[in-house]
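# Summary of structural features
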Amino acid sequence: MKLIIAIVQDDDAGDLLETLTEGGFEVTKLATTGGFLKAGNTTLIIGVEEESVDKVIGHIEEVCKTRKQIITTPSSVASSTGVYMPYPVEVEVGGANIFVVDVDKFIKI
Ligand code: 2BA
């Protein structure tokens, strides 16, 4: 058995949850926060048999889209003056970051 951990954007999470549950997969949704942007994202954990891993990844690819996000960061050039000038930086946030890990044991009680 494998555990798929998929970090996706909040905007895609609802559709992905629906697609996966309709496909018969069992999913847990966690509200998470990205360390870099410090903005909300969604982490889905999905336990599946090994042969279903590619199917789940296919659904994620279908639903999740890469988006550009603008963040405002202080300018390092201005730091010598002690004045920080905020300037916008464009960051591309991936459609999904997916980890597939081995499961030693899965027990339902
Ligand atoms: P965040 O950490 O908020 O990162 C959002 C986006 O900012 C990233 O998109 C990437 O394009 C950019 N970014 C992240 N760290 C950066 C840095 N040190 N310098 C410059 N740009 C940086 P993604 O790579 O698609 O990541 C989306 C979210 O997936 C991340 O949100 C984080 O929550 C998660 N993630 C990505 N890689 C991960 C990893 N190796 N381990 C754990 N979580 C990860």
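Residues numbered from 1 in each chain as written. Predicted model: local features only at pLDDT ≥ 70, side-chain atom pairs only at ≥ 80, totals over all residues. Heavy atoms only, no water.

Glancing now at the overall build of the protein chain. Helix and strand counts for the protein chain stand at 2 helices and 6 strands. The N-to-C order of helical and strand elements in the protein chain reads β-α-β-β-α-β-β-β. A compact globule built from 109 residues would reach a C-alpha radius of gyration of about 13 Å, whereas the protein chain, at 18 Å, exceeds it by more than 25%. Viewed in the frame of its principal axes, the protein chain has a C-alpha envelope of about 60 × 25 × 20 Å. For the protein chain, the residues scored as buried account for 26% of the 109 residues in total. For the protein chain, the proportion of contacts with a sequence separation of at least 24, taken over those separated by at least 6, is 64%. Just so you have it, the protein chain exposes about 7,400 Å², and 53% of that area is on carbon and sulfur atoms. (Helix = DSSP H or I, 4+ residues; strand = E, 2+ residues; numbered from the N terminus. Rg over C-alpha atoms; globule rule 2.2 N^0.38 Å. Buried < 20%, exposed > 50% of the residue type's maximum accessible area, 1.4 Å probe, protein only. Contact = heavy atoms within 4.5 Å. Areas by Shrake-Rupley, 256 points an atom, 1.4 Å probe, with all protein chains shown as cover.)

If you trace the 4 strands from one edge of the open sheet to the other, you get β2-β3-β1-β6, paired in antiparallel fashion. Of all strands in the sheet, those with a lone pairing partner are β2 (27-33) and β6 (96-102), marking the two edges. Sheet twist, expressed as the average angle between the axes of neighbouring strands with direction ignored, equals 20°. In this sheet, strand β3 (residues 40-48) lies alongside strand β1 (residues 2-8) in antiparallel orientation, the contact comprising 7 bridges. Bridge pairing in β3 places K2 opposite V48. Strands in contact with helix α1 (residues 10-22) are β1, β2 and β3; relative to β3, the strand with the most contacts, it is inclined by about 20°. The strands touched by helix α2 (residues 53-63) are β1, β3 and β6; relative to β6, the strand with the most contacts, the crossing angle is about 170°. (Pairing = 2+ DSSP bridges. Axes fitted to C-alpha atoms, helices over the stretch in contact; angles between N-to-C directions.)

Moving on, we get to the side chain of N41. Looking at where N41 falls in the secondary structure, it is placed in strand β3. For N41, a relative accessible area of 16% corresponds to the buried category. Engagement of the side chain of N41 in a polar contact is seen with the side chain of T32, the distance being 2.6 Å. If sequence neighbours within four positions are ignored, N41 has contacts with I7, V8, D10, L30, A31, T32, T33 and G34. (Polar contact = N/O pair within 3.5 Å; in protein donor to acceptor, adjacent residues only side chain to side chain.)

Moving on, we get to the site of the ligand. Close contacts around the ligand come from I7, G34, G35, F36, L37, N41, V91, E92, V93, G94, N97 and F99, and that covers them all. Between the ligand and N41, the relevant distance is 2.9 Å, taken from an oxygen atom to a side-chain nitrogen or oxygen of the residue. A distance of 2.6 Å is found between an oxygen atom of the ligand and a backbone nitrogen or oxygen belonging to E92. Compared with its free state, where it exposes 740 Å², the ligand has 52% of that area covered by protein. For the shell around the ligand, the elements supplying multiple residues, two or more each, are β5 (86-93) and β6. Classifying every residue of the shell around the ligand gives 6 nonpolar, 5 polar and 1 charged. (Near = heavy atom within 4 Å. Nonpolar A, V, L, I, M, F, W, Y, C, P; charged D, E, K, R; others polar.)

Glancing now at the packing of α1 against α2. Axis separation between α1 and α2 bottoms out at 10 Å; the angle between their running directions is 145°. Crossing geometry of α1 relative to α2 is assigned as right-handed. On α2, the residues touching D12, D15, L16, T19 and L20 of α1 are V56, H59, I60 and V63. (Left-handed = near helix turned anticlockwise from the far one by under 90°.)

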